Amino acid sequence: QVQLVESGGGLVQAGGSLRISCAASGRTFSITAMAWFCQAPGKEREFVAAINWRDVDTYYADDVKGRFTISRDNAKSAMYLQMNNLKPEDTAVYYCAARGYSATYYEAQAYNWWGQGTQVTVSS
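Residues numbered from 1 in each chain as written. Predicted model: local features only at pLDDT ≥ 70, side-chain atom pairs only at ≥ 80, totals over all residues. Heavy atoms only, no water.

Quick look at the packing of aromatic side chains
In this structure the tally under the stated criterion is seven aromatic pairs. Between tyrosine 111 and tryptophan 114, the aromatic rings sit 6.5 Å apart at their centres with planes inclined by 75°, giving edge-to-face as the arrangement. For tyrosine 111, a relative accessible area of 4% corresponds to the buried category. The exposure class of tryptophan 114 is partly exposed, given its relative accessible area of 26%. Taken together, the ring pairs in this structure connect Phe37, Phe47, Tyr59, Tyr105, Tyr106, Tyr111 and Trp114 into an aromatic cluster. (Phe/Tyr/Trp six-rings, centres within 6.5 Å; stacked < 30°, edge-to-face > 60°. Buried < 20%, exposed > 50% of the residue type's maximum accessible area, 1.4 Å probe, protein only.)

Next comes the structure, spelled out in structure tokens:
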């Protein structure tokens, strides 16, 4: 089992930056990929970015490419999302997800461990 805890959310003005973090604990050696998803009120949980734990290949949703950067620190079992040029439509709860097998990166159902989420609010 893997436990995930997000941190770093908050309120930021449009055009600003924020970095959110995800700390993994437990059987972290079993992690093969991690990802960020977001969910705004009344909407489905949406893919934001993912990273392959071994190859460090990264994957992004089209609307965050060039603005967000996903990274990981294997030694700390941590994952980060640097968010630049934030927009009001980025406002959502951001969830950290992980899995221990191979699957698509883009679907929430492909991840079996989840954090509780951290709120990101972008004011206009």
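Next comes the rest of the account.
With respect to the pairing of strand E5 (residues 46-52)
Counted residue by residue, E5 has six buried out of seven residues, so it is predominantly covered. Of the strand pairs in this sheet, strand E4 (residues 33-39) and E5 are connected by six bridges, and their pairing is antiparallel. The residue bridging phenylalanine 37 from the neighbouring strand is phenylalanine 47, located in E5. In this antiparallel pair of consecutive strands, E4 and E5, the connection spans six residues, and glycine 42 shows a positive phi of 75°. Here E5 runs beside strand E6 (residues 58-60); their pairing, made up of three bridges, is antiparallel. The partner of alanine 49 across the bridge, within E6, is tyrosine 60. (Helix = DSSP H or I, 4+ residues; strand = E, 2+ residues; numbered from the N terminus. Pairing = 2+ DSSP bridges.)

A look at the sheet that holds strand E7 (residues 68-73)
An order of E1-E3-E8-E7 is seen for the four strands of this open sheet, with the pairing classed as antiparallel. If you trace the sheet from one side to the other, it starts and ends with strand E1 (2-7) and E7, each paired once. Sheet twist, expressed as the mean angle between neighbouring strand axes with direction ignored, is 15°. (Axes fitted to C-alpha atoms, helices over the stretch in contact; angles between N-to-C directions.)

Structural notes on the state of the cysteines
Here a disulfide denotes a covalent bond joining the sulfur atom of one cysteine to the sulfur atom of another. This model, assessed by the stated rule, comprises one disulfide. Each sulfur in the disulfide pair cysteine 22 and cysteine 96 lies 2.0 Å from the other. Across the disulfide from cysteine 22 to cysteine 96, rotation about the S-S bond amounts to roughly -70°, and the bridge is consequently left-handed. Here cysteine 22 is found in strand E3 (residues 18-26), whereas its partner cysteine 96 is found in strand E9 (residues 92-99), with 74 residues between them in sequence. In this pair, the class of cysteine 22 matches that of cysteine 96, namely buried. Looking at the unpaired cysteine 38, the closest cysteine sulfur is the one in cysteine 96, lying at 14 Å. (Disulfide = S-S within 2.5 Å.)

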